[in-house]
Amino acid sequence: MNTYGRQPISLVKGAGSYVWDSEGKKYLDALCGIAVCSLGHAHPTVSKAICEQSATLIHTSNVYRIPAQETLAGKLCSLTDMDSAFFTNSGAEANEAAIKIARMFGHNKGIQTPTIIVADNSFHGRTLATLSATGNRKIQAGFEPLVSGFARVPFNDVDAIREVAKNNKNVVAVLVEPIQGEGGINIPNPSYLNEIRTICDERDWLMMLDEIQTGICRTGKWFAHQHSGITPDIMTIAKAMGNGFPIGACLAKGKAAEVFKPGNHGSTYGGNPLACHVASATLAAHEKENTHVQAKNTGEYLVSQFKASFSETSEVIDIRGLGMMIGIELDRPCAELVSLAIENNLLINVTAERVVRLLPPLNMEKVQADELVSTLTQIVKAFISR
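Because the structure is predicted, anything quoted here is derived from the model rather than measured.

Undergrad: Is there a simple way to explain the overall build of the chain in this structure?
TA: Each helix and strand in the chain was counted, giving twelve helices and 15 strands. The C-alpha atoms of the chain give a radius of gyration of 21 Å, which matches the 21 Å a tight globule of 386 residues would have. Put simply, the chain has 386 residues, and 53% of those count as buried. For the chain, the proportion of contacts with a sequence separation of at least 24, taken over those separated by at least 6, is 72%. Across the chain, the centroid of the 35 positively charged side chains sits 2 Å from that of the 38 negatively charged ones.

So this is what it looks like as structure tokens:
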């Protein structure tokens, strides 16, 4: 179907931080499948795990116990201090599970129309419920009527959350991204998540974090909320969890982990032996390579180099990032930079119309980081000088 505005290249091979197209042209990949291939392409540990498990058992369904799923759930809970996991095939499905937990949590408290507070400029997926939770009218347009039960506030505005609390007694949860990725790499105040945690505790709400893009070492910690020293009631993850193999999860703690009972939710493919074995291998590789440390160090290096490169370029109005989640904001729409970068053997993304979004592999080497800075700086400067 005509659903994607595809770039006119066909990628056929990858290795580490590079990919090649069908014509043999080599590109530095600074997007890695939109924060998915965080270990780079064709990582030997991941490839081996796919081959081994696919030759043994791919799928059984959740009618039976799945040892690989139980192992993966235990590992994720130990990394996050959560209590349980529900496995999905995508981030949107993980958010659907979170929304359903919040609604059932509200109904169990006698609230007939449970409401979830969400943020402007957010992105939570393209299913009807997650699309309705998303704070972007362009994505929602044409799909009305939207799913009700969401109250929207500005991102990074705790006072707005408190104001909703005064006027809406149906609120049962807050759902936010620790850093808005699709919204333009928007990084909130350091106290933002801590204050939301306090509000949720005061009012017996669920604090729900969408870590689908920020999770699995991307920001210099295993999960972005760990920078704040808090633990959510629900957290959703996907993207980098399988390094390209589709898998997601909705993790829950305490009262949130006790909401679902058998029959309340399910998935045919979610958490099958193949997906879980690959995800466990991916997590093990991240641990072995200390990619959270690499993300912190390389991310800080990239931001410092970009700031130096654009120090006298007034058209670049902000450079921000945490770990290997970096945004370079221009004073004008710059979607054209994507195709210009391709012409110069570089893969990037532009989001929120004016923000160059960089999500490179976390194990990118310094020589590749320097290549990224040099190439992108030349492209941006040429673009704004026309």
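That shown, we press on.
Undergrad: Explanation requested: helix α12 (residues 366-384) in the structure shown.
TA: Two residues of an α-helix separated by three or four positions point the same way, owing to the 3.6 residues in each turn. In a regular helix each residue adds 1.5 Å, so 19 residues correspond to 27 Å; α12 covers 27 Å between its end C-alpha atoms and thus fits that length. Every buried residue of α12 is accounted for by Gln 368, Ala 369, Leu 372, Val 373, Thr 375, Leu 376, Thr 377, Ile 379, Val 380, Phe 383 and Ile 384.

Undergrad: Where do I start with the pairing of strand β7 (residues 171-176) in this structure?
TA: Two faces make up the sheet, and in a regular strand the side chains alternate between them. Among the six residues in β7, six count as buried, and that is most of the element. Strand direction decides the pairing type here: strand β5 (residues 115-119) and β7, joined by three bridges, are parallel. Its bridge partner being in β7, Ile 117 is matched across the sheet by Val 174. Following the chain from β7 across helix α8 (residues 192-203) to the adjacent parallel strand β8 (residues 206-210), one finds a crossover that is right-handed.

Undergrad: Would you mind showing me how to read helix α3 (residues 67-80) here?
TA: When the terminal C-alpha atoms of α3 are compared, their 20 Å separation across 14 residues agrees well with the 20 Å that a helix rising 1.5 Å per residue should span. Listed as buried for α3 are Gln 69, Leu 72, Ala 73, Leu 76, Cys 77, Leu 79 and Thr 80. Buried residues of α3, seen end-on, are gathered within an arc of 160 degrees and therefore sit on one face of the element. Of the exposed residues in α3, the ones pointing more than 90 degrees away from its buried face are Pro 67, Thr 71 and Ser 78. Backbone geometry just downstream of α3 places Asp 81 in the positive-phi region, at approximately 65 degrees.

Undergrad: Mind showing me how you'd approach the packing of aromatic side chains here?
TA: Given two aromatic rings, their pairing is described by the distance between the two centres and the angle made by the two planes. For the coordinates displayed, the defined rule picks out two aromatic pairs. With centroids separated by 5.2 Å and ring planes inclined at 70 degrees, the aromatic side chains of Phe 155 and Tyr 192 adopt a geometry described as edge-to-face. Highlighted residues: Phe 155 in the loop between β6 (150-153) and α7 (158-167) and Tyr 192 in helix α8, separated in sequence by 37 residues. Like Phe 155, the residue Tyr 192 is buried in the burial classification.

Undergrad: Please clarify how the pattern of salt bridges should be interpreted in this entry.
TA: When the charged atoms of two side chains with opposite charge come close together, those side chains can pair. All told, the structure shown has 20 salt bridges when counted by the stated rule. Between Lys 255 and Asp 204 there is a salt bridge; the shortest N-O distance is 2.5 Å. Separated by 51 residues along the polypeptide, Lys 255 in the loop between β10 (248-252) and α9 (273-289) and Asp 204 in the loop between α8 and β8 bring together distant segments of the chain. Lys 255 gets classed as partly exposed once you look at its relative accessible area, which sits at 33%. Residue class for Asp 204 comes out partly exposed when judged on its relative accessible area of 32%. If you follow the salt bridges from partner to partner, you end up with Asp 318, Arg 320, Glu 329 and Arg 354 in one network.

Undergrad: What is the right way to read the layout of surface pockets from this model?
TA: Any space left empty among the atoms is revealed by the rolling of a water-sized probe across them. The computed volume of the second largest pocket comes to approximately 560 Å³. Along the walls of the second largest pocket sit 26 residues, with Asn 62, Gln 69, Ala 85, Phe 86 and Phe 87 positioned nearest its centre. Elements supplying a minimum of two residues to the lining of the second largest pocket: α3, β4 (84-88) and β10. Looking at the lining of the second largest pocket, the element that brings in the most residues is β4, giving four residues. Per-class residue counts for the lining of the second largest pocket are 14 nonpolar, nine polar and three charged.

The rules we used
- Residues numbered from 1 in each chain as written.
- Predicted model: local features only at pLDDT ≥ 70, side-chain atom pairs only at ≥ 80, totals over all residues.
- Heavy atoms only, no water.
- Helix = DSSP H or I, 4+ residues; strand = E, 2+ residues; numbered from the N terminus.
- Rg over C-alpha atoms; globule rule 2.2 N^0.38 Å.
- Buried < 20%, exposed > 50% of the residue type's maximum accessible area, 1.4 Å probe, protein only.
- Contact = heavy atoms within 4.5 Å.
- Lys, Arg positive; Asp, Glu negative; His and termini not counted.
- Charge placed at Lys NZ, Arg CZ, Asp CG, Glu CD.
- Expected span 1.5 Å × (residues − 1).
- Pairing = 2+ DSSP bridges.
- Right-handed = clockwise from strand over helix to strand, strands pointing away.
- Arc of directions from axis to C-beta.
- Phe/Tyr/Trp six-rings, centres within 6.5 Å; stacked < 30°, edge-to-face > 60°.
- Salt bridge = Lys/Arg side-chain N within 4 Å of Asp/Glu carboxyl O.
- 1 Å grid on protein atoms, 1.4 Å probe; cavity = no way out; pocket = protein on both sides within 12 Å on 5 of 7 lines; lining within 4 Å.
- Points joined across faces, edges and corners; volume = space filled by probe spheres on them.
- Nonpolar A, V, L, I, M, F, W, Y, C, P; charged D, E, K, R; others polar.

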